[in-house]
Amino acid sequence: MKGHWFWGCLFDLIRDRSGFLIEGHAQLGDVFFARALVRDLLCVRDPAVVNAINVTYWADFYKPDYIKAMWKPFLGNGLVPNDGESWKRQHKLIMPGFHKKRVDAYAPTMVDFTERMLDRWNEGDCKDMRVELNALALEVVACTLFDIDIGTEDSKTIREAIGEVSEILVADADKMIPRPDWWPTAENRRKKRAITKIEEIIRRVHEDRLTSQEDRGDLFSHMVFVEDEQGCMSDKQLRDEAMTLIFAGHETTAHALTWTWYLLAKNPNKVAKMREELDRVLGGCRPEVDDLPNLPYLEMVVKESLRLLPSVWAYARQAQRDLVIEGYEIKKGQTVTISHIAMGRNPKYYDHPEEFRPERWTREFERSLPRGAYTPFAGGPRVCLGKQFAMMEMRMILATLLQHVEPNVPEGFEPDFVTELSMHPGKRGMPATVRFRKTAPA
Ligand code: HEM
């Protein structure tokens, strides 16, 4: 894609990042080059190339330098921006904390907090579902990963601080010549203040754990006490991992749930199908983790929502050496954008890609999809560590919500699609009116 002789596609990209990828791939094919000022981008939605990058050549691709620089003040060297030997060590230390048995044990907490949110709601209340679901996902992460009932004050502090940091980081990343962190701009000061607020909460929990020397079975305890031949994690690394998990573990899920709410509000016939399944299987009881295999339609809804309106709309890698993948020459230092959102709109793999059709996610359909054609959680060794956690959380929360309330948005409402670190509906939010279900579940 050529763009302006000097700026390249910079302003098209800033104006509408996901639209740029969707349109770019629709017009130019599954792999295309674009330039944003001095940065050359290779945009990819060819499943074979995506799979090669995620799986076959994963060790030859790191997170891009400009993204690492953007993350640094916030996530430091946490798992998301980390690479190489340091990533391998951290991944090995943290991974046991995401063991299936441990994650399954979090299911009742996910339902408890959803019920607590429903208890706070009254018929006819106006809510912004983005705010509600962010608060809920944050409470779930705080409780399951840090064993703290975060309370409304801390929750609000973290939510607002993360919202602020996210907005500033993306604005920084769009500046081709970023200002260094020590530069005393109003934005840098605001970013620093927001980060300090979250750090204070992490420090409080860390000190508490060190004083009590108690492993409470949550992921943070695991990270405080786990050791390998090099000893335990440094305080700085622990801070970076905690920050990473708070961020990666709540906004992504909250926004994925916000989009699912929207898609369900627009498709009442799909809500009816979900209800039929939920009522038949749960008979009005709280969902439990053992119910999930008996709720296939619920899983199809989640998968379809992550295809059509994914919260992580794209992810990027940078080649560490010259490579040729599927005939495409990739030079050392080249940034590759894996356009997950554009992949989901590829008519080669998805019939009527613009439509919300959970029914497409049959076993046969999944088997027929080439590897690399559906990667909402990335893939290969750098796959999302919280994938099972998120898939369970989304289903537990949706099963609880759908049993009690009607998904809705105001008549004619169309949201904005703001692509910051994750895709969300921006300042206008996702307005809804609390409407409790008239007919109680059987
Ligand atoms: C719907 C929800 C979620 C989505 C769509 C999602 C998606 C992703 C994606 C695409 C990546 C790869 C990013 C990249 O390579 O640049 C990633 C990485 C990661 N995610 Fe998630 N995520 C979700 C929820 C979670 C949750 C709930 C947690 C933790 C509890 C989590 C923890 C992580 C971590 C630690 C990584 C880094 C893994 C590594 O590189 O070793 N995520 N996620």
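In case you missed it, the structure is sitting above this.
Here is what the cut-offs are and how they apply
- Here the residue numbers are simple positions, counted from 1 along each chain's written sequence.
- Per-residue local features are limited, in this predicted model, to residues with pLDDT of at least 70; the limit for side-chain atom pairs, both in listing and counting, is 80 or more; totals at the level of whole chains, interfaces and linings are taken over all residues.
- Segments assigned H or I by DSSP are reported as helices when at least four residues long, segments assigned E as strands when at least two residues long, and all are numbered from the N terminus.
- Note that the radius of gyration is over C-alpha atoms, with the globule rule given as 2.2 Å times the number of residues to the power 0.38.
- Contact between two residues is assigned whenever their backbone-derived C-beta positions fall within 7 Å.
- Fitting a line to C-alpha atoms yields each axis, with helices limited to the stretch in contact; the angle taken between N-to-C directions then spans 0 to 180 degrees.
- Helix crossings fall into two classes, left-handed where the near helix is turned counterclockwise from the far one by less than a right angle and right-handed where it is turned clockwise.
- Classification convention: Asp, Glu, Lys, Arg as charged; Ala, Val, Leu, Ile, Met, Phe, Trp, Tyr, Cys, Pro as nonpolar; all other residues, Gly among them, as polar.
- Counting other C-beta atoms within 10 Å of a residue's own tells you its class, since 20 or more makes it buried, 12 or fewer makes it exposed, and anything in between is partly exposed; those C-beta atoms are placed from the backbone.
- Pairs of strands are assigned from DSSP output, requiring at least two bridges between the strands.
- Near residues are defined by distance alone, with the backbone-placed C-beta atom required to lie within 6 Å of the molecule or strand.
- The span you would expect from a helix comes to 1.5 Å times its residue count less one.

1. A word on the overall build of the protein
- When you go through the protein residue by residue, the secondary structure sums to 17 helices and 13 strands.
- For 442 residues, the compact-globule estimate of 2.2 N^0.38 gives 22 Å, and the C-alpha radius of gyration of the protein, at 22 Å, lies within 12% of that figure.
- Taking the principal axes of its C-alpha atoms as reference, the protein extends roughly 60 × 55 × 40 Å.
- Restricting the contact set of the protein to residue pairs at least 6 apart, pairs at least 24 apart contribute 75%.

2. With respect to the packing of helix α14 (residues 296-308) against helix α17 (residues 387-404)
- Where α14 meets α17, the axes come as close as 10 Å, and the angle between the chain directions of the two elements is 115 degrees. Here the hand of the crossing between α14 and α17 comes out right-handed. Within the contact between the two elements, α14 uses L298, E299 and V302 and α17 uses M391, M394, R395, L398 and A399.
- Split by residue class, the contact of α14 with α17 holds six nonpolar, no polar and two charged.

3. What about the pairing of strand β10 (residues 335-338)?
- Both faces of β10 are covered, namely the face carrying T335 and T337 and the face carrying V336 and I338.
- Pairing of strand β7 (residues 315-319) with β10 involves four bridges; the strand directions are antiparallel. Note that in β10 the partner of R317 across the bridge is V336.

4. Description of the site of the ligand
- Inspection of the region around the ligand gives 22 residues, with G249, T252, C384, G386 and A390 positioned closest.
- For the shell around the ligand, the secondary structure elements donating two or more residues are α12 (235-266) and α17.
- If you tally residues by element for the shell around the ligand, the top one is α12, at seven residues.
- Tallied by class, the residues present in the shell around the ligand amount to 14 nonpolar, seven polar and one charged.

5. Here's the deal with the pairing of β7
- In terms of burial, β7 is a largely internal element, four of the five residues being buried.
- Here two bridges tie strand β3 (residues 61-62) to β7, and the two strands are oriented antiparallel to one another. Bridge pairing in β7 places F61 opposite A319.

6. Concerning helix α2 (residues 17-28)
- Here α2 contains 12 residues, and its C-alpha end-to-end distance of 16 Å stays within 8% of the 16 Å for a straight helix at 1.5 Å per residue.
- For α2, every residue scored as buried is listed here: R17, S18, F20, L21, I22, G24 and H25.
- Note on α2: the residue one or two positions beyond its end, G29, has a positive phi of about 105 degrees.

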